[in-house]
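If you want the building blocks of each chain, they are given just below.
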Protein chains: 2
Amino acid sequence: VSTLEEVLASIRPGDSAAAAEAREWQDRLTKPRGALGQLEEVSVRLAALAGDCPPPLPEPAAVAVFAGDHGVHAQGVTPWPQEVTGQMVANFLAGGAAVNVLARQADAAVVVVDVGIAAPVPGDTSALLDRRVRPGTDDMTLGAAMTRDDALAAIGVGIEVAQRLIEDGARCLIPGDMGIANTTAAAALVAAFSGRSPAEVTGRGTGIDDATLAHKVDVVERALGRTTLDIADPIGVLAAVGGLEHAALVGYLLAGSARRVPVLLDGVASGAAALVASALAPAAVDAWFAGHRSVEPGASAALQTLGLTPLVDLGLRLGEGTGALLALPSLSAAARILREMATFDAAGVSEKA
Amino acid sequence: VSTLEEVLASIRPGDSAAAAEAREWQDRLTKPRGALGQLEEVSVRLAALAGDCPPPLPEPAAVAVFAGDHGVHAQGVTPWPQEVTGQMVANFLAGGAAVNVLARQADAAVVVVDVGIAAPVPGDTSALLDRRVRPGTDDMTLGAAMTRDDALAAIGVGIEVAQRLIEDGARCLIPGDMGIANTTAAAALVAAFSGRSPAEVTGRGTGIDDATLAHKVDVVERALGRTTLDIADPIGVLAAVGGLEHAALVGYLLAGSARRVPVLLDGVASGAAALVASALAPAAVDAWFAGHRSVEPGASAALQTLGLTPLVDLGLRLGEGTGALLALPSLSAAARILREMATFDAAGVSEKA
């Protein structure tokens, strides 16, 4: 397993020659120029990432669901009890959650990682990857959510998991998350790195009512106002207001970039992690593709800050990696078009006058 | 093969009891209520169509690409030569077009049907279904595009193809189209049935420039102004300003509704055909799902008139069935969620306070 320093040192931007080749090739394929819309730009980015045109297919994909708990849960930001984090992890392990259903459809492996659940996970946990750094974060309104060392340890877990999945054959990484109250921490991260106000980026998460939302915005404001955050020190901000699963996702995303394996972002958890990761290595974003536009406003704010356009927009707000899994066929299609479509010359099709 | 009268007589609306059961079941699954957004409503409609909850998976899918030529091509509505229709059909038969690439990814069969190409199709046509009603339509600005009998014959081709695909195991029908100048005929159909002006529903098709677009709008206006069209006689309107592939698609869509097999609409060609078909049998729409939002304005106008919300919005404007193929995984996912996800009770997950 590589260290964070090694991962950061090996991240390079996309290859512009391969991108240019892909653009030119798109214009020779048997369709009007631009007729495949956003898929064409995605295909160009895949070629740039691979440094090759056509790029390889992003298949098979693998999902890592990082689970953690949040001290800020004590502030009453959600009506869901904290024990649901572990119960949902048991559901993932049993194959009954939405992420499992969508991963089966997409032929994607699912690995579930305990990076910081507060309580024991019920049931058979033999398939759970136990990398619990600590039993949940501390309440970020009262002090730092975790130490810098804890954040770094969780980042290391993400790197380890990404590298293991790639060794096992994954050619697309999907970031998944589970953690009751984790949209509160995500909102704090997005506010810090996007420069937007907590009111703009804090959302309803599982579907809280107006009063709870107003309280949640206030909680995020208090967490951010507690101390001076310096985004030139991304790990410091992550430790102050992030979650353990966000930290693991930072490592996971960066490891994908370092190995030039496409990462298909999901909702606000991976968006928040992507902001931290791109602050550490701006070129890392060239490996990332926006899976979907989550209902959560912080997710859109993150994508806009990153300059990424989502593939799917179906009003999802579940996390787990579900939105990215729905987007995976479009990512594959973009590569497949470059690999398999005939050109006007080869097919003997006349071009327009 | 059924007659149009038999097909129309057997179309029934969706089953509201199955829809209610699906809605209730969605609320018991291990996710916050509504967290799967648009997929939840799609799952309810699939249950209503099947009259069963959970509904069957819409797999495997099959695409029928109906190809035809258009007399209105003589009016200069596109810079592409008419021979491209047959050349692209040869490309479909050889497996090199975008629809072939996306169908392979989706494990969907592709059948190519000549319902009215003007010239001989080059190359090996052994796999082409030859149902040429006539070698293209007449110029709709000078007289009816085709006779009523020709329109009915082409509708019969669509019914035959849909029924054959269902016999062969298809559980989702995707309508595809090929025909140089066919967005002009589609715009005329959409204007007639949606009540919108030609300027609102006529688009750039393959990507024409401003001057050609203005001319195209004028051509559509002249075709519609040539005679009095009565949308209470949908076949009459279809014969006056439609294409042979649009007519075949009308039969194809209605046959799907009659057999209660979901139809995943593609772009403006299937949208225009759906407007004709729903004028013949309003309940038929309960079997149709909007695959994607095409760039072509007539496509959005058609979906709005039909009350359907697209699954994919990626700026595509290719036709052939490509947008629907990209949406297919989302349609499948909606059914799979109802079939495979665990409930709160079964998974031992606590509900919110």
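Every value quoted in this text rests on a predicted model; they were computed, and no experiment measured them.

Peer 1: Which residues make up the interface of chain A and chain B, and what values do they have?
Peer 2: If you look at the interface, chain A gives 53 residues, while chain B gives 53 residues. Both sides of the chain A and chain B interface together cover about 4,400 Å² of buried area, and 62% of this is carbon and sulfur. When residues of chain A are sorted by the area they lose upon contact with chain B, W80, Q105 and L314 of chain A head the list and together hold 14% of the total. At the surface where chain A touches chain B, the tally comes to 2 salt bridges. Ionic pairing is found between R104 of chain A and E340 of chain B, a salt bridge with its closest N-O pair at 2.9 Å. Inspection of the chain A/chain B interface yields 24 residue pairs in polar contact (both at pLDDT 80 or more). Put simply, the parts of the chain that give the side of chain A that touches chain B at least two residues each are helix 3 (38–50), helix 4 (84–94), helix 5 (98–105), helix 14 (322–340) and helix 15 (344–347) of chain A. Tallying contributions element by element places helix 14 of chain A first for the side of chain A that touches chain B, with 8 residues. Residue composition of the side of chain A that touches chain B, grouped by class: 28 nonpolar, 15 polar and 10 charged.

Peer 1: Go over the side chain of D266 of chain B, please, and point to the residues and values.
Peer 2: Residue and element names in this part refer to chain B. The topology assignment puts D266 in the loop between strand 5 (263–265) and helix 12 (268–280). Comment: no salt bridge for buried D266; closest opposite-charge side chain is R317, at 13 Å. With residues near it in sequence (within four places) discarded, D266 still touches P175, D177, H292, G319, E320, G321, T322, G323 and A324.

Peer 1: Kindly report on the environment of A342 of chain A, identifying the contributing residues and their values.
Peer 2: Tracing the backbone through its elements, the reader meets A342 of chain A in the loop between helix 14 and helix 15. When its relative accessible area of 16% is taken as the criterion, A342 of chain A is described as buried. Considering only alpha carbons, one finds A342 of chain A and A181 of chain A, 161 residues apart in sequence, at a separation of 49 Å. Excluding anything up to four places from it in sequence, A342 of chain A contacts R28, L29, T30 and A347 of chain A together with N91 and G96 of chain B.

Peer 1: Tell me about the layout of surface pockets, residues and numbers included.
Peer 2: Reported here for the largest pocket is a volume of approximately 660 Å³. In terms of lining, the largest pocket is formed by 27 residues, of which the most central are Q105 and A106 of chain A together with Q105, A106 and P329 of chain B. Those elements that place two or more of their residues in the lining of the largest pocket are helix 5 and helix 14 of chain A together with helix 5 (98–105) and helix 14 (322–340) of chain B.

Peer 1: Just give me the short version of unusual backbone geometry, but keep the residues and values in it.
Peer 2: In terms of backbone geometry, most residues other than glycine have negative phi values and most peptide bonds are trans. Residue and element names in this part refer to chain A. At the junction of E59 and P60, the peptide bond is cis and its omega measures out at -5° in the coordinates. Secondary-structure assignment places P60 in the loop between helix 3 and strand 1 (61–68). For A181, which is not glycine, the phi torsion reads 85° and is therefore positive. By the element assignment, A181 lies in the loop between strand 4 (172–178) and helix 7 (182–194). The class for A181 is buried, based on a relative accessible area of 8%. Phi angles above zero are rare outside glycine, and R260 is one such case at about 55°. Looking at the element boundaries, R260 is found in the loop between helix 11 (244–258) and strand 5 (263–265).

Peer 1: Give me the packing of helix 10 (residues 234–241) of chain A against helix 12 (residues 268–280) of chain A: which residues, what numbers.
Peer 2: Residues and elements named next belong to chain A. Packing of helix 10 against helix 12 brings their axes to within 9 Å, and their N-to-C directions diverge by 155°. Judged by the inter-axis angle, helix 10 sits roughly antiparallel to helix 12. Contacts between helix 10 and helix 12 involve P234, I235 and L238 from the former and V276, A279 and L280 from the latter. Among the residues making up the contact of helix 10 with helix 12, the classes are represented as 6 nonpolar, no polar and no charged.

Peer 1: Could you give me a rundown of the environment of N182 of chain A, with the residues and numbers involved?
Peer 2: All names here are of chain A. In this structure, N182 sits in helix 7. Overall, N182 belongs to the buried group, its relative accessible area being 7%. Linking N182 and G68, residues 114 residues apart in sequence, is a C-alpha distance of 8.2 Å. The residues contacting N182, other than those within four sequence positions of it, are H70, D177, E245 and H246. A distance of 3.1 Å separates a polar atom in the side chain of N182 from a polar atom in the side chain of E245.

Peer 1: Provide a residue-level description of the relation of the copies chain A and chain B, including the pertinent values.
Peer 2: Mapping chain A onto chain B calls for a screw motion: a turn of 180° about the axis and a shift of 0.0 Å along it, with 0.0 Å RMSD after fitting. What the rotation and shift describe, once combined, is the action of a two-fold rotation axis. Measuring from the rotation axis to each C-alpha of chain A, the shortest distance belongs to V312 of chain A, at 3.3 Å. Same-surface contact between copies: 100% of interface residues of chain A are shared with the interface of chain B.

The rules behind the values
Residues numbered from 1 in each chain as written. Chains lettered and ligands numbered in written order. Predicted model: local features only at pLDDT ≥ 70, side-chain atom pairs only at ≥ 80, totals over all residues. Heavy atoms only, no water. Contact = heavy atoms within 4.5 Å. Buried area = accessible area lost by both parts, 1.4 Å probe. Salt bridge = Lys/Arg side-chain N within 4 Å of Asp/Glu carboxyl O. Polar contact = N/O pair within 3.5 Å; in protein donor to acceptor, adjacent residues only side chain to side chain. Helix = DSSP H or I, 4+ residues; strand = E, 2+ residues; numbered from the N terminus. Nonpolar A, V, L, I, M, F, W, Y, C, P; charged D, E, K, R; others polar. Buried < 20%, exposed > 50% of the residue type's maximum accessible area, 1.4 Å probe, protein only. Lys, Arg positive; Asp, Glu negative; His and termini not counted. 1 Å grid on protein atoms, 1.4 Å probe; cavity = no way out; pocket = protein on both sides within 12 Å on 5 of 7 lines; lining within 4 Å. Points joined across faces, edges and corners; volume = space filled by probe spheres on them. Axes fitted to C-alpha atoms, helices over the stretch in contact; angles between N-to-C directions. Parallel < 35°, antiparallel > 145°, perpendicular 65-115°, else oblique. Least-squares fit on C-alpha atoms with pLDDT ≥ 70 in both.

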